[in-house]
Amino acid sequence: GQQLNQSPQSMFIQEGEDVSMNCTSSSIFNTWLWYKQDPGEGPVLLIALYKAGELTSNGRLTAQFGITRKDSFLNISASIPSDVGIYFCAGMEGGSEKLVFGKGTKLTVNP
Amino acid sequence: GEEVAQTPKHLVRGEGQKAKLYCAPIKGHSYVFWYQQVLKNEFKFLISFQNENVFDETGMPKERFSAKCLPNSPCSLEIQATKLEDSAVYFCASSQSADRGGNQPQHFGDGTRLSIL
């Protein structure tokens, strides 16, 4: 089945720093999504990307849908303590609409 | 409602017992998805519904797992004769119809943590 490679696995940064994480796939997706999951909660949608090359921002978050449709990145600028959590990329398969998830990037922000 | 509601939040069962989990999708959403999150945060797709019809069940372990989405009732995921390996957090997600334009993002509930002892 399809797999997503998400990196890095974890990051330790200082408050105020910028963060970048990415996902790559061996196959094409029609939609890329980025979620954040806090302990004991479900994934919360951050950004949805629908077109190859699309660059979308949501506050301090920016994400891009790769031209080849096989990759995506998420940037967080000027990190703050509440950015702590696990970030997941997910690709949506055309037709079935099921999500294939990356294994997550655990972000720790030191105040 | 405005959120995906999953119950119970925690469920403990002895090995071999039955477990039943419930999910109420966001009002107006016609797709429902079930995912299993195991150790190391990995998500595994189980099954999806379009209204009350099974849409994709390629991820379901057919022997012991079953799911339903009946009109005017919460969707359910049932595991018969549970095994230790079924211990996981089970997430439900819902999305609007693709008729609204392209793939629609899925919105998740807070999950049911199932512990098999």
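Look up a bit, the structure's there.
It should be emphasised that the depicted structure is a prediction, and the values quoted were computed from it without experimental measurement.

Participant: Describe in detail the overall build of chain B, supporting the description with residues and values.
Facilitator: Within chain B, the secondary structure is distributed over zero helices and 11 strands. When the helices and strands of chain B are placed in sequence order, the string is β-β-β-β-β-β-β-β-β-β-β. Relative to the compact-globule value of 13 Å for 117 residues, chain B shows a C-alpha radius of gyration of 14 Å, a close match. Within chain B, buried positions represent 47% of all 117 residues. For chain B, the accessible surface area stands at approximately 6100 Å², while carbon and sulfur atoms represent 48% of it.

Participant: Please set out the interface of chain A and chain B residue by residue, giving values where relevant.
Facilitator: On the side of chain B, 25 residues touch chain A, which itself brings 21 residues to the contact. Regarding the contact of chain A and chain B, the summed buried area is about 1900 Å², with carbon and sulfur atoms giving 55% of it. When the area that chain A buries against chain B is broken down by residue, the three leading residues are A:E97, A:K98 and A:F101, summing to 27%. Scanning the region where chain A abuts chain B turns up one salt bridge. B:E42 is the salt-bridge partner of A:K103, the closest N and O atoms lying 3.5 Å from each other. Seen at the junction of chain A and chain B, the total is seven residue pairs in polar contact (both at pLDDT 80 or more). Of all the secondary-structure elements, those providing two or more residues to the side of chain A that touches chain B are β4 (31-37), β9 (85-92) and β10 (99-101) of chain A. Top element by residues in the side of chain A that touches chain B is β4(A). It accounts for four residues. Each residue belonging to the side of chain A that touches chain B can be placed in one class, and the counts come to 10 nonpolar, seven polar and four charged.

Rules used throughout
- Residues numbered from 1 in each chain as written.
- Chains lettered and ligands numbered in written order.
- Predicted model: local features only at pLDDT ≥ 70, side-chain atom pairs only at ≥ 80, totals over all residues.
- Heavy atoms only, no water.
- Helix = DSSP H or I, 4+ residues; strand = E, 2+ residues; numbered from the N terminus.
- Rg over C-alpha atoms; globule rule 2.2 N^0.38 Å.
- Buried < 20%, exposed > 50% of the residue type's maximum accessible area, 1.4 Å probe, protein only.
- Areas by Shrake-Rupley, 256 points an atom, 1.4 Å probe, with all protein chains shown as cover.
- Contact = heavy atoms within 4.5 Å.
- Buried area = accessible area lost by both parts, 1.4 Å probe.
- Salt bridge = Lys/Arg side-chain N within 4 Å of Asp/Glu carboxyl O.
- Polar contact = N/O pair within 3.5 Å; in protein donor to acceptor, adjacent residues only side chain to side chain.
- Nonpolar A, V, L, I, M, F, W, Y, C, P; charged D, E, K, R; others polar.

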